[in-house]
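# Descriptive structure summary
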Amino acid sequence: MVIGGKWDDSQKSILIHVPRNCEICVKVINPNNRTKYRTWISIHRVNELDSNECDELLMCELIQESSRDISLIPGDYILMITELLGVKEERNVAIYTSIPISARICSWNPKFLIDVFQKAVGKFGREMRGITRHDISIQKYTDNEDSFMVVMAENYTIDKYLHVQYVILVIHFSHTAFIQFSRNDEDKRFADVIPPRRRQILIVAYHSPVFDGKGFGMNVEYWVSKESKTKIGRSDRAEHVPSIRSDEYVHFTTVID
């Protein structure tokens, strides 16, 4: 199947129907590259097949070929496989289950990806240090090996803009070429402006398995204002710095329910 790249309906997801309790494992192979690599994979439950929102999220993580075993109860699930660098690639996908199940290719919608990553940080992430306001939340989701990082900001204020400026720190690195960011910036400095009652994934970062380092750190500064045109670094713009491309679906700002 095709993954990544701009949304042109060539990318697909997999709809799984589970008749009774079972264990499932997913293997994802790049047929054109024998070197080590990682692929984003998520599994979430759906109650309505035409819905653009995920219900219960069971997995959203970076895998190296094989996922961990996941227990599924009877129902319908969406398996999404993607990469976040805007490059279209191919993957061979194998699904291993403890009982016979049905699976079919279905249309892929980037609105799914926005909801999945936001819920992943909300479910698996933790509040970052130094966040003291009750109406602001900045959460970070990573794994035990610190091989990836997803950061989300939520602005619960009614009439104020949330400004977040942050620097990604790659700790003890020797192979910078193996560090990947969902928003490209040479010095890894970013700034975002989130409107009232909105949430947004700020950054997704990960490194190759051959990376010789100890993961990611992050320095964050934030403030709120009545106006969105607060000066950010050398810019008076209200836009994100660097700007968010149209194909970076996961960084779209969404309304807080």
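Preceding this paragraph is the structure being described.
Below is a short write-up of the structure. Remember, it's a predicted structure, so these values are computed and weren't measured experimentally. (Residues numbered from 1 in each chain as written. Predicted model: local features only at pLDDT ≥ 70, side-chain atom pairs only at ≥ 80, totals over all residues. Heavy atoms only, no water.)

### Looking at the overall build of the chain
- Helix and strand counts for the chain stand at one helix and 19 strands.
- By the burial criterion, 49% of the 257 residues in the chain qualify as buried.
- Pairs at least 24 apart in sequence give 77% of the contacts found in the chain among residues at least 6 apart.
- In the structure as shown, the chain presents an accessible area of about 12,900 Å², 48% of it carried by carbon and sulfur atoms. (Helix = DSSP H or I, 4+ residues; strand = E, 2+ residues; numbered from the N terminus. Buried < 20%, exposed > 50% of the residue type's maximum accessible area, 1.4 Å probe, protein only. Contact = heavy atoms within 4.5 Å. Areas by Shrake-Rupley, 256 points an atom, 1.4 Å probe, with all protein chains shown as cover.)

### Some remarks on the side chain of R199
- You can see R199 is positioned in strand β17 (residues 198–207).
- R199 sits in the buried class, given a relative accessible area of 17%.
- One polar contact links R199 to E154, side chain to side chain, over a distance of 2.8 Å.
- Excluding residues within four positions of it along the chain, R199 makes contact with Q118, M152, A153, E154, Y156, I194, F252, T253, T254, V255, I256 and D257. (Polar contact = N/O pair within 3.5 Å; in protein donor to acceptor, adjacent residues only side chain to side chain.)

### A few points about the sheet that holds strand β14 (residues 161–170)
- The strand order across the open sheet built from three strands is β16-β14-β18, with neighbouring strands paired in antiparallel fashion. Two strands lie at the open edges of the sheet, namely β16 (189–194) and β18 (216–225), each paired on one side alone. Strand-to-strand twist of the sheet, defined as the mean angle between neighbouring strand axes without regard to direction, takes the value 20°.
- With 10 bridges connecting them, β14 and β18 associate as antiparallel partners. Across the sheet, the residue bridging to L162 is V224, located in β18. (Pairing = 2+ DSSP bridges. Axes fitted to C-alpha atoms, helices over the stretch in contact; angles between N-to-C directions.)

### Re the pairing of strand β2 (residues 12–18)
- The buried fraction of β2 amounts to five of the seven residues, a majority that puts the element mostly inside the structure.
- By the bridge criterion, six bridges tie β2 to strand β10 (residues 102–107) in an arrangement that is antiparallel. Residue pairing in the sheet places K12 in a bridge with S107 of β10.
- Note: β2 against strand β7 (residues 75–82), five bridges, orientation antiparallel.

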